[in-house]
Structure formats: C-alpha cells, structure tokens
Amino acid sequence: MGWFRRRYGAGPLRLLSLIACLAFAGYVVTRILSGPEGIRILVWFAGAAVAHDLVLWPLYAVADRGAVVAARRYPDRLPRVPWVNHVRVPTILSAVLLAVSFPLVFRWSEPAYHTASGLTESPYLGRWLLLTGVAFGFSAVLYAFRVGRVMAEGGGQ
Amino acid sequence: MSARSIATLARRMPGPATLHSRWKSPLRGPWLTSVFGVVLLVGIPIEFITGLVSWAAYDPRLAGNDTTPQHGILSFYLFNWVTSPSWLYRVSQGTHVLLGLALVPVLLAKLWSVIPRLFAWPPLRSLANLLERVSLLLLVGGAVFEFATGILNIDYDYSFKFSFYNGHFYGAWAFIAGFTLHAALKFGRMRRALRSRRFRTELTIGLAGTLPEAPIPGLDDPPEGSLVAAHPAPATISRRGVLALVGGGSLAVFLATAGQSIRLLRPLSLLSPRTQSYGSGPNAFQVNRTAPAAGIAASDTGPGWKLELVGPTGTTAQLTRADLMSMTLVTAELPIACVEGWSTVQRWTGVRLADLARLVGIARPTGAHVQSLERRGAFNQASLSGQQVRAGEALLALRVNGADLSPDHGYPARVIVPAAPGVHNTKWVTRITFTGKEVG
C-alpha cells in the first residue's frame, strides 16, 4: 500500500476512479471523432478551458487589480467611503448580462435570428445599455447616500 | 542559449514559494469554494438530467429523428417519449435553459475561487497528479464548453460551425465524467469545509471583520497548496458581499431571460432572445423559421394544396383544406416549446392524427412520418411514435386562436403534438405516412 502510494502519488481507489473516468471520456471521444465534425468539437472543448483560464480570467483579474490599486491611490476627496465596489458591482452585473446575450447585443447572429423569428436584433444593444445604466445609476445613488451619511455623522476627512 | 543563461532563467522561473505568494485575495478558501461547489453540485445534475430528457424527447430511435447518429451506448436510457402532461417538455427544457443561464455567475465564481490550483508549482508532482489534471480538463473544459455552446445556441450564434446537437450532447457526457469524478473525490472535503464556518454568521460580517479563512488541518494544506493565500491583501469586499454579488448576478440573469418561459416575468425580460412582441392578433406569437426563410411560396399553399396520406400497403388519400375542415375538429390548448427554452401556449384547432390514419385504413397507428413542403432544413420532416399519433390531442392543426394559421405558423396545416419538442410540430405539412394495423 505504502509502496503504491509512493510510486503513484495517491491511493488505489483514486486511481481506479480516475481510470474509469478517463476510459469513459475516451469512449465519448471516439463517438465524437466518428462524426464529421469531430476534430472541431474537440478543439472547441479544449479551447474552452484555455479561453477561460488563460484569456478571460487573466483579463478580468488584471482589470480588477487595476481598480483596487486605483481605489487605494485615489481615495475620494469626499468623506472616506471606499468606492471600488460601487464600480465593481455594476461592472460585473453588466458583464454577466452581456455574457449571456452578446450575440444579440452586437447583432452578430442577425441573419440566423431573422430566419428563425422574422425579427431583427436591433432592440438588444439599447436594452443592455439601459440595464447597465440602471446598475451604475443605482450604484451612484447608493454611493451618494453613503457619503451623505458619513458627512451627517461629522466624519469628513 | 548558453548554459549560464539557462541557469539564470531557471532561477527566475516561479518556484513554489514565489508563485504561491502571488495570490492575494483574502477571500479564497475552502469554505467559499465549497459554497459555490454545493450550488453547482445541485444545479449541474439538474442540467444533465433535463438535457438527457430533451434528447429523449426527440425520440432519436425513430427514423430520421436522430440528431447524433454516432451515439453508441449513450442511448442506453432511452424511453418512449410521453404525450402527457402536455407541459412536460416546456417545463423541463425551460428549466434546463433558465437554470443554466442563472448558473453562469456561480460557475465563473467557482472557477475564480480555485484558479490558484491551475498554476500550482511544480505543475506535475506524480502520475496521480498528471491523471487528475487530465480529468480537470474534462471538468473545466466541459463546463465552459457546455455553457458557451448553450448560450451561443439560444442566441442564434452558430459560429462554432458544428451541429449544436452533436457538440452539446457529447460535450455533456465528457463533462459529466469529469464532474462525477470531481464530486466523488471532493465531496468529503466539501462537507468538512462547509462545516468550518456558519453561513448565517457569515452574512452578519461586514468588510471590517472580513479576515482570511483559517486553514483546516488535514484538509486544505500542501502539497496541493492551500486555497487560502499565504500573504493575503486586506479585504476590499466582504465575504457576504461576494455571495450577494454572485447571487445577485444569477438573479439579474434570471430576471432578464425568464420571460420567454414564464409569462409573468415577460415585462422584465429585456435580454431574452424570444420575448420580442409580434404585435396583437391570433397569430401573434413566436415564430420558429418564417415561411420566406423556409422557401414556402404562396403558390405552394394556395387552393391547389393537397395533403397526401399514405398507408402501409401504399393506400393513399388526397385531401384539400376544405376536406380537412369538414372533418371532426378538435380544439386543444397546447404549448410550442423550443429546445432553446422559450415556449408559448396557444389554442389550436384541427383534425386528430388518429382520424387521418383511419382514412388510409389504419385502426391502430404505430407511427407516422410527417413531411413538410420545405425542401431544405434539418426539420422539414419528423417521425412520430404510435403513442404520439394516438394521443387524443395530437392534431393536424388548421387554425389557431380561432383564426386560420398564418403562413409563418404553417398554413395550410401543421402538426401539434402534446409535449413534443417544437421542431417536431412540422409546419406546411404535405405528406403523412402512417404505419400500424389495418382495419380488419
């Protein structure tokens, strides 16, 4: 047992489950490859992990780190209410809404959409901007309210 | 490159200490990861099961219905798709799409919470570690692939350029392999981590009191590297703030998309693909594939149109629309429910499919093959099971909400079968071939 664990790096039950999982996935891959679009599906599958881990995550992590650094460097001249989350939260909400609707918002899928529905995608950009505006507007009002409360309490600088 | 410069490079490569100390977030930790994990542990199986249900609803064993012909043993669970309750596909597929969308923020948060694991150093410690990394590709690649193809498909973006049915179906099986293994390996840790802090207490702690999670001995320690940062920065958002943000993100996505399945939420559904208004009138509801897009000319559906019925021994019958209108007409409230998640319930009037079968001498139909005037298109035909053809509310509809069908809704006649996926309700029907026992 100890020998196995040393050589392999984990217990035998773990190895058995891993082999079962990978063998089954291997079977699924043979099913995918027996179709005409197999390679393209596999490329998208692997690409999905790469796109998240090495593109999407680094981009939003750097953007967020930038916002935090900026918030630390440029505190508001108004009474000290941290502002970073008042930018973070509406930005993230807006981004998440865009993530589920971007082909409509940017009208990238207009021909297929029109074929199916007989309508156009023209309303969606405006609607997404409206929701984004509401999120930022609400955040701004909340921020103003918090600043006002600190001032009323005589906080100030 | 000289030996010296390689040595210099090697020294500059991130070692375990330097890399691990780069993670700054004071919020990452086994408890937070487990909170997101438990939501996905409930949500992903619902997604998987409703997905399998949807594939079964297409009745892939009937001729011409299989969208994934290479499926092999993956069809082991198939059953005859039901016709009652009529809202079954509407609810299961609506759940699949709306829950999937609402899980997007949770999935992203979960991936964020464990991203340090991806960059663990050294990248491969043992054979076990290597195999686990491959299984994680199934998990992470599978999750992102399934969510991405699902979103692109409901938003009519087919830039992946493979059959959505193929990709989403096989992707789901590869994903669920990685997911099941991951859930099995991590379940014990997840339970212990969840018990390490009280959820309700967490909701009372503001930014000032937000400290990194305490490492749990024997649970979250190296060699994998703790999820808790070695040198965390001060918190800029509270733990409850992160939970509210992720939950609020899910709620926002849900409200912005749910109206295409839940009528009550329609006014809020600004970003759902299929809640745009079609104006008012009996035919003012969602169209899937317009008559012009399907190449249906007015001359094809004019007075010259005839429905051809074919029986098992080559018996045929030709019926004009007036012939059909003079038969016994049945009215039923039935949904059109699309694989994209949207659905709409309308009042359809038409002739029972079983009555049409009788016209070509079939007393007990065991199936039907329905063909459309549409020349191209994946769904210009569909096979129906005996159960579907025999259902009392399975109709060849001629009218909807008291008016003739509009060209976009399939005039002169379309199929409507309770609980069938939308695309199996063939429009612009030109021929129905029945199988079954002849009247004897």
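One can find the structure itself at the top, above this paragraph.
Below is a summary of the structure that appears in this document. (Residues numbered from 1 in each chain as written. Chains lettered and ligands numbered in written order. Predicted model: local features only at pLDDT ≥ 70, side-chain atom pairs only at ≥ 80, totals over all residues.)

### Topic: the sheet that holds strand β2 (residues 316–319) of chain B
Residue and element names in this part refer to chain B.
Part 1 of the reasoning: Pairing within the open sheet is mixed, and its five strands lie in the order β2-β1-β10-β5-β6. Strands with a single pairing partner mark the edges of an open sheet, and in this sheet they are β2 and β6 (381–385). Across the sheet, the mean angle separating the axes of adjacent strands is 20° when strand polarity is ignored. (Pairing = 2+ DSSP bridges. Helix = DSSP H or I, 4+ residues; strand = E, 2+ residues; numbered from the N terminus. Axes fitted to C-alpha atoms, helices over the stretch in contact; angles between N-to-C directions.)

### Observations regarding the packing of helix α5 (residues 127–154) of chain B against helix α6 (residues 164–195) of chain B
All names here are of chain B.
Part 1 of the reasoning: Two numbers describe how α5 lies on α6: the axes approach to 8 Å, and their chain directions differ by 145°. Read as a crossing pair, α5 and α6 show a hand that is left-handed. For the pair α5 and α6, the contacting residues are Ser135, Leu136, Leu138, Leu139, Gly142, Ala143, Phe145, Glu146, Thr149, Gly150 and Asn153 in the first and Phe164, Gly167, His168, Gly171, Ala172, Ala174, Phe175, Ala177, Gly178, Phe179, Leu181 and His182 in the second.
Part 2 of the reasoning: When the residues that make up the contact of α5 with α6 are grouped by side-chain class, the tally is 12 nonpolar, 10 polar and one charged. (Left-handed = near helix turned anticlockwise from the far one by under 90°. Contact = placed C-beta atoms within 7 Å. Nonpolar A, V, L, I, M, F, W, Y, C, P; charged D, E, K, R; others polar.)

### Some points on the interface of chain B and chain A
Part 1 of the reasoning: On the side of chain A, 55 residues touch chain B, which itself brings 70 residues to the contact.
Part 2 of the reasoning: Elements supplying a minimum of two residues to the side of chain B that touches chain A: α4 (88–118), α5, α6 and α8 (239–257) of chain B.
Part 3 of the reasoning: Considering every element that reaches the side of chain B that touches chain A, the biggest residue donor is α5(B), with 16 residues.
Part 4 of the reasoning: When its residues are assigned to classes, the side of chain B that touches chain A shows 41 nonpolar, 21 polar and eight charged.

### Details of helix α2 (residues 12–33) of chain A
Part 1 of the reasoning: Counted at 1.5 Å a residue, the expected span for α2(A) with its 22 residues is 32 Å, and the 31 Å between its end C-alpha atoms agrees.
Part 2 of the reasoning: Among the residues making up α2(A), those that are buried are A:Leu18, A:Cys21, A:Ala25, A:Val28, A:Arg31 and A:Ile32. Down the axis of α2(A), the buried set is contained in an arc of 140°. They therefore lie on one face. Facing away from the buried surface of α2(A) by more than 90 degrees, the exposed residues are A:Pro12, A:Leu16, A:Ile19, A:Ala23, A:Gly26 and A:Thr30.
Part 3 of the reasoning: Considering only its buried residues, α2(A) is in contact with α3 (38–73) of chain A together with α5 and α6 of chain B. (Expected span 1.5 Å × (residues − 1). Buried ≥ 20, exposed ≤ 12 C-beta atoms within 10 Å, placed from the backbone. Arc of directions from axis to C-beta.)

### Topic: unusual backbone geometry
Residues and elements named next belong to chain B.
Part 1 of the reasoning: Residues Ser84 and Pro85 are joined by a peptide bond in cis, for which omega reads 0°.
Part 2 of the reasoning: Summarising the element assignment, Pro85 is placed in the loop between α3 (30–57) and α4.
Part 3 of the reasoning: The linkage connecting Tyr411 with the following residue, Pro412, adopts the cis geometry, with an omega of 10°.
Part 4 of the reasoning: We note that Lys161 has phi near 55°; this positive angle belongs to a residue other than glycine.
Part 5 of the reasoning: Looking at the element boundaries, Lys161 is found in the loop between α5 and α6.
Part 6 of the reasoning: The phi angle at Arg289 is positive, at roughly 80°, despite the residue not being glycine.
Part 7 of the reasoning: Inspection of the secondary structure puts Arg289 in the loop between α8 and β1 (307–310).
Part 8 of the reasoning: Residue Arg289 is classed as buried on the basis of its C-beta count, with 23 C-beta atoms lying within 10 Å.

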